[in-house]
Amino acid sequence: MRGTTVLPGKGNNGEPAGEGMPMHRLEVPMPNALPFAIGTFDTIGPMSRAPFPHRHTFHEIVHVTGGTGRHVVDLTGFALRPPNLGFIAPGQVHQWQDVTGLEGHVILFTDDFLLDHPADREVLRALTRRSWLDLSGEAAEWTARLVAELDGEYRTGAEGFQSVLRALLHVLVVRAARLPGRRPAAAPPRSRPGSVAAEFVTLLATPEGAPPSVRTCAEHLGVSVSYLSEAVKASTGRTPGELIRQARVHEAKRLLLRTELSVRQIAGRVGFGDPAYFCRFFRRETGASPGDFRRGSGDIHHDHRLPSIARHRSPA
């Protein structure tokens, strides 16, 4: 696994890229690499403590055990009072301000890592609305223990480690959801475009699956296609079409790995009347055919770790 980022105001070859928000990405070789990484702020790399506003295409959980300063998520600032547990959703804007002595762990993963526990996506969305948790007493102890176990499993890579990682992450997410949150009294209200974008993301995660087109989504939300496109792009850094394709691929992967449905049946479940077209779509988005993805799901590359998200390359 490797990560890339675009620095502020830079495009290909370091040329100015206008006003685009830098986007950090996890680029995972498909179909077999594990879309997950954990490490300290130092081992993950300097972008894990980036002082400028940026977004991710992946989920991030930070466990802060030392340091001073502030963590800012969507314009809301949280003073570091370690130990803390923070959650950043794909598309959320965040940065670290005036931070010194930052210690702890960073956990990075994509939606694909939640295939065993798809309901965790909604739990994570609820956690990112609170964003920042203070830990004390028993909560601080079990959080530190779970993070240490995640780190140990990831580094050793023993047989079956991927299923253990998924189980440990599931426990961490569910237990964190039970904790009280903290939010400053001056938290800014969400704008209308921000609310529309949030409703769109929620719509994609419904049990019925992703709607077939941007137009269908816009009609469901009662807005124009252009308004939806602008709102989603401003809030997430990605287009509605990209997110719809991502949601359909994620559901197809889940069905391929967790059911015995045929490729034809799965194509119908994710909105494709033509199985051949679905196969072309799936290969284009993942680099593998549905059959190859299903057959190769049990094999994990040994080189599954993310050494750094600080590589300064523009996304393809």
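Residues numbered from 1 in each chain as written. Predicted model: local features only at pLDDT ≥ 70, side-chain atom pairs only at ≥ 80, totals over all residues. Heavy atoms only, no water.

Regarding the overall build of the protein chain
So, point 1. Each helix and strand counted, the protein chain has 11 helices and 10 strands in total.
So, point 2. A total of 316 residues make up the protein chain; the buried ones form 48% of that total.
So, point 3. For the protein chain, the proportion of contacts with a sequence separation of at least 24, taken over those separated by at least 6, is 74%.
So, point 4. For the protein chain, the exposed surface amounts to about 14,800 Å²; the carbon and sulfur share of it is 52%. (Helix = DSSP H or I, 4+ residues; strand = E, 2+ residues; numbered from the N terminus. Buried < 20%, exposed > 50% of the residue type's maximum accessible area, 1.4 Å probe, protein only. Contact = heavy atoms within 4.5 Å. Areas by Shrake-Rupley, 256 points an atom, 1.4 Å probe, with all protein chains shown as cover.)

Points about the packing of aromatic side chains
So, point 1. Under the defined criterion, the tally for this structure stands at 11 aromatic pairs.
So, point 2. The interplanar angle of 25 degrees and the centroid separation of 6.2 Å between the aromatic rings of Phe78 and Trp132 together place this pair among those described as stacked. On the criterion of sequence distance, the pair formed by Phe78 in strand β6 (residues 76-79) and Trp132 in strand β9 (residues 132-134) is long-range, its members being 54 residues apart. Residues Phe78 and Trp132 agree in their burial class; the two are buried.
So, point 3. One cation-aromatic arrangement involves Arg175 over Trp142; the distance from NZ or CZ to the ring centre is 5.5 Å.
So, point 4. Sitting above the plane of the Phe272 ring, Arg248 keeps its charged end 4.2 Å from the centroid. (Phe/Tyr/Trp six-rings, centres within 6.5 Å; stacked < 30°, edge-to-face > 60°. Lys NZ or Arg CZ within 6 Å of the ring centre and 35° of its normal.)

Describing the nonpolar core
So, point 1. Counting residues in each nonpolar core, the largest one holds 30 residues, and the members touching the most others are Phe36, Ile61, Ile107, Phe109, Leu169 and Leu172.
So, point 2. Of all the secondary structure elements, the ones that give two or more residues to this core are β3 (36-40), β7 (84-88), β8 (94-109), α2 (120-130), α3 (137-156) and α4 (161-177).
So, point 3. Cys217, Ala231, Val232 and Leu243 belong to the second-largest nonpolar core, a separate cluster that totals 15 residues. (Core = buried A, V, L, I, M, F, W, Y, C linked by side-chain atoms within 4.5 Å.)

Regarding the pattern of salt bridges
So, point 1. A full pass over the atoms with the stated rule returns eight salt bridges.
So, point 2. Lys253 is the salt-bridge partner of Asp112, the closest N and O atoms lying 2.4 Å from each other. One end of the pair, Asp112, is in the loop between β8 and α2; the other, Lys253, is in helix α8 (residues 240-258), and 141 residues separate them in sequence.
So, point 3. By relative accessible area, which is 17% here, Asp112 ends up buried.
So, point 4. For Arg155, the salt bridge identified is with Asp151, shortest N-O distance 3.0 Å. Taken as a pair, Arg155 and Asp151 lie in helix α3 at a separation of four residues, close to a single helical turn.
So, point 5. Arg155 gets classed as exposed once you look at its relative accessible area, which sits at 52%.
So, point 6. Given the relative accessible area of 11%, Asp151 is considered buried. (Salt bridge = Lys/Arg side-chain N within 4 Å of Asp/Glu carboxyl O.)

Observations regarding the packing of α2 against α4
Helix-helix packing: each pair is described by the crossing angle between the helix axes and the interaxial distance.
So, point 1. Following both chains from N to C, one finds α2 and α4 inclined at 45 degrees, their axes separated by 10 Å at the closest point. Taken together, α2 and α4 sit at an angle that is classed as oblique. The element α2 and its partner α4 pack so that their crossing is left-handed. Counting all contacts with α2, which are made through Asp120, Val123, Leu124, Leu127 and Arg130, the residues of α4 involved are His170, Val173, Val174, Ala176 and Ala177.
So, point 2. Looking at the contact of α2 with α4 residue by residue, the classes come out as seven nonpolar, one polar and two charged. (Axes fitted to C-alpha atoms, helices over the stretch in contact; angles between N-to-C directions. Parallel < 35°, antiparallel > 145°, perpendicular 65-115°, else oblique. Left-handed = near helix turned anticlockwise from the far one by under 90°. Nonpolar A, V, L, I, M, F, W, Y, C, P; charged D, E, K, R; others polar.)

Regarding helix α6 (residues 214-221)
Helical geometry: 3.6 residues make up each α-helical turn, so side chains three or four residues apart lie on a common side.
So, point 1. Among all positions of α6, only Cys217, Ala218 and Leu221 are buried. Down the axis of α6, the buried set is contained in an arc of 100 degrees. They therefore lie on one face. Among the exposed residues of α6, those pointing more than 90 degrees away from its buried face are Arg215, Glu219 and His220.
So, point 2. Tucked inside the fold, the buried residues of α6 contact α5 (192-204), α7 (225-236) and α8.
So, point 3. Of the residues trailing α6, Gly222 is marked for its positive phi of about 75 degrees. (Arc of directions from axis to C-beta.)

Structural notes on unusual backbone geometry
So, point 1. Of note, the bond from Pro82 into Pro83 is cis; its omega dihedral lies within 30 degrees of zero at 0 degrees.
So, point 2. Counting through the fold element by element, Pro83 comes out in the loop between β6 and β7.
So, point 3. At Asp98, a position not held by glycine, the phi torsion is positive, near 50 degrees.
So, point 4. In this fold, Asp98 is placed in strand β8.

Quick notes on the pairing of β8
So, point 1. Where β3 and β8 come together, five bridges link them in antiparallel fashion. Each residue of the ladder has a partner; that of Phe36, found in β8, is Phe109.
So, point 2. Summarising the sheet, strand β5 (residues 59-73) and β8 pair through 12 bridges and their orientation is antiparallel. What sits directly across from Val73, in β8, is His94. (Pairing = 2+ DSSP bridges.)

Things to note about the side chain of Asp111
So, point 1. With respect to the helices and strands, Asp111 occurs in the loop between β8 and α2.
So, point 2. Look at Asp111: it is buried, it has no salt bridge, and the nearest opposite charge is Arg121 at 4.2 Å. (Lys, Arg positive; Asp, Glu negative; His and termini not counted.)

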